[in-house]
Amino acid sequence: MGDIFRCPSCGAVLKGWPPSSICGACGRKIPRKGGVLIFTDEPDLKLEGEGSYIGYDQVADSYAQHRYPEELDRQIWAGYGKAIAELVGPGRVVLDLGYGPGKCALEIAKRGCRVIAGDISLNMLTILSSTLDQAPENSLVLCRLNAYDLPFLDGSLDAVVARYLLLAVGNPERVVMEVKRVLKPGGMLITEGPTERSPTDDIVSEVEMKARRYYGEALRRRGVDELKAPGWTQRQMRENLPKFFRSFKLVESDDLVFRFTETPGWFLRRLGSRYSLFQVGLDQSLHEEAMDEVRRRLEEEYGKGFEEMGQEYREVHRLVVYR
Ligand SMILES: C[S@@+](CC[C@H](N)C(=O)[O-])C[C@H]1O[C@@H](n2cnc3c(N)ncnc32)[C@H](O)[C@@H]1O
């Protein structure tokens, strides 16, 4: 395996895997905090201007715990890890960029790839560092980095996974250009594709739809107008990404078909944990008031105990691979 990392100050090669902790050319130190290599001191929360980063530090724990019902959480990350490792191939070097709680990075590493997990949120990285012993030795390197300025040499990576990242950054074009710079010729960018859940006409789906609507209404009444992530929507990704790459394909796999039971309680926990991008910069008390209003309205309509109604779902996830 050739060298991969570069000095964030002078751009010189940082030798080794994991890389050396001091740049031989300019003397810049790459500090380590609890197993995480620190390549940037940029703040985690920055909502102004085109380079906006979202402040996941404040929601990292709840994002990790409430993103999916437990049963689905286990299935989902193992499924993604398997599907991605098969696409990329064993021994290849994969960057999981904006990896969040990191379960995807860990599962890819367990299946024979060398994985760099990179995120701007140190708290997200710390969650993953506590599971490092589950990965084969030397298979996973954790980096606090900024997607706008990656600490990797040109043409050094086989694949970059960017799952729900391009909707989280204020300037997705710049991130894609940076991803292209670090990919080897023929290397792949792997993003999330469209997800379909069935059934859709059941009572739990109806409650979830209403919860989302009531939440938006409650915020609007409190002066928050636009509930919108800073980056690309799925549709904008489909329109824009093919302009940067020669080819793309939609990947479906049995590993990405999930069956699970969800309750409105789970959905509300997810909404309450501020996992959605537009929620991250929101004032906490405003958010809590809006959540109280959502619960009150739903209880009036569906009665006490509505949170426990269960529904079995089948969810088909997909990946899109650009090269
Ligand atoms: C919506 S989460 C996606 C997490 C994970 N990939 C998943 O599929 O659940 C977006 C992640 O991108 C990270 N992020 C946002 N802006 C970033 C930037 N400029 N550089 C690196 N990571 C960034 C956030 O900290 C967060 O962990």
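Residues numbered from 1 in each chain as written. Predicted model: local features only at pLDDT ≥ 70, side-chain atom pairs only at ≥ 80, totals over all residues. Heavy atoms only, no water.

Asker: Hey, could you run me through the side chain of Asn 146 in this one?
Answerer: Mapping Asn 146 onto the fold places it in the loop between strand E7 (140-144) and strand E8 (157-162). Relative accessible area serves as the criterion here: at 7%, Asn 146 is assigned to the buried category. Setting aside its immediate chain neighbours within four residues, Asn 146 contacts Thr 40, Glu 42, Tyr 53 and Ile 120. (Helix = DSSP H or I, 4+ residues; strand = E, 2+ residues; numbered from the N terminus. Buried < 20%, exposed > 50% of the residue type's maximum accessible area, 1.4 Å probe, protein only. Contact = heavy atoms within 4.5 Å.)

Asker: Sorry, what's going on with the site of the ligand here?
Answerer: The immediate surroundings of the ligand are formed by 19 residues, with Gly 98, Asp 119, Asn 146, Ala 147 and Arg 163 found nearest. Arg 163 places a polar side-chain atom, nitrogen or oxygen, 2.5 Å from an oxygen atom of the ligand. Protein contacts shield 98% of the accessible area of the ligand, which totals 610 Å² for the unbound molecule. Counted by class, the shell around the ligand contains 13 nonpolar, 4 polar and 2 charged residues. (Near = heavy atom within 4 Å. Polar contact = N/O pair within 3.5 Å; in protein donor to acceptor, adjacent residues only side chain to side chain. Areas by Shrake-Rupley, 256 points an atom, 1.4 Å probe, with all protein chains shown as cover. Nonpolar A, V, L, I, M, F, W, Y, C, P; charged D, E, K, R; others polar.)

Asker: Explanation requested: the sheet that holds strand E12 (residues 257-262) in the structure shown.
Answerer: Backbone-to-backbone hydrogen bonds pair the strands of a sheet. The strands run either parallel or antiparallel. An order of E10-E13-E12 is seen for the 3 strands of this open sheet, with the pairing classed as antiparallel. In this open sheet, the two strands that pair with only one neighbour each are strand E10 (196-198) and E12. Neighbouring strand axes in the sheet, compared pairwise and without regard to direction, differ in orientation by 25° on average. As paired strands, E12 and strand E13 (residues 311-316) are joined by 6 bridges and run antiparallel to one another. Each bridged residue has a counterpart across the sheet, and for Val 257 the counterpart in E13 is Val 316. Of the strands in this sheet, E10, E12 and E13 are in contact with helix H6 (residues 203-221), which crosses E13 at around 75°. (Pairing = 2+ DSSP bridges. Axes fitted to C-alpha atoms, helices over the stretch in contact; angles between N-to-C directions.)

Asker: Hey, could you run me through the pairing of E13 in this one?
Answerer: For a regular strand, side-chain orientation follows a simple rule: the groups alternate between the two sheet faces. The pairing of E10 with E13 spans 3 bridges and is antiparallel. Across the sheet, residue Glu 196 finds its bridge partner in E13, namely Val 316.

Asker: Help me understand the sheet that holds E8, please; the structure alone is not making it clear to me.
Answerer: Here we have 9 strands laid out as an open sheet, ordered E3-E4-E7-E6-E5-E8-E9-E14-E11, and mixed in their pairing. Of all the strands in the sheet, the pair left with one neighbour each is strand E3 (32-33) and strand E11 (248-251). Bridge analysis of strand E9 (residues 183-192) against strand E14 (residues 319-322) gives 4 bridges, and the strand direction is antiparallel. Opposite Thr 191, over in E14, you have Val 320 as the bridge partner. Across the sheet, helix H3 (residues 103-110) lies against strand E5 (93-97), strand E6 (114-119), E7 and E8, angled at about 170° from E6, the strand it touches most.

Asker: What is the right way to look at the pattern of salt bridges in this model?
Answerer: Close approach of charged atoms allows side chains of opposite charge to pair. The full count for this structure, using the stated rule, is 25 salt bridges. In this structure, the salt-bridge partner of Glu 217 is Arg 213, at a minimum N-O distance of 3.5 Å. One end of the pair, Glu 217, and the other, Arg 213, are both in helix H6, 4 residues apart, so they sit about a helical turn from each other. Between Arg 297 and Glu 217 there is a salt bridge, with the nearest N and O atoms lying 2.7 Å from each other. Here Arg 297, found in helix H10 (residues 284-302), pairs with Glu 217, found in helix H6; they are 80 residues apart in sequence, far enough to count as distant. Assessed through its relative accessible area of 25%, Arg 297 is described here as partly exposed. (Salt bridge = Lys/Arg side-chain N within 4 Å of Asp/Glu carboxyl O.)

Asker: Honestly, the packing of H6 against H10 in this entry has me stumped. Any pointers?
Answerer: Axis angle and axis distance: for two packed helices, these are the angle between their axes and the distance between the axes, and together they describe the pair. Interaxial distance between H6 and H10 falls to 9 Å at its minimum, and their mutual angle equals 135°. In terms of their interaxial angle, H6 and H10 are classed as oblique. Crossing hand, H6 versus H10: right-handed. Residues Ile 203, Glu 206, Val 207, Lys 210, Ala 211, Tyr 214, Tyr 215, Glu 217, Ala 218, Leu 219 and Arg 221 of H6 pack against Leu 286, His 287, Ala 290, Met 291, Glu 293, Val 294, Arg 297, Leu 298, Glu 301 and Tyr 302 of H10. Within the contact of H6 with H10, the residues separate by chemical class into 13 nonpolar, 1 polar and 7 charged. (Parallel < 35°, antiparallel > 145°, perpendicular 65-115°, else oblique. Left-handed = near helix turned anticlockwise from the far one by under 90°.)

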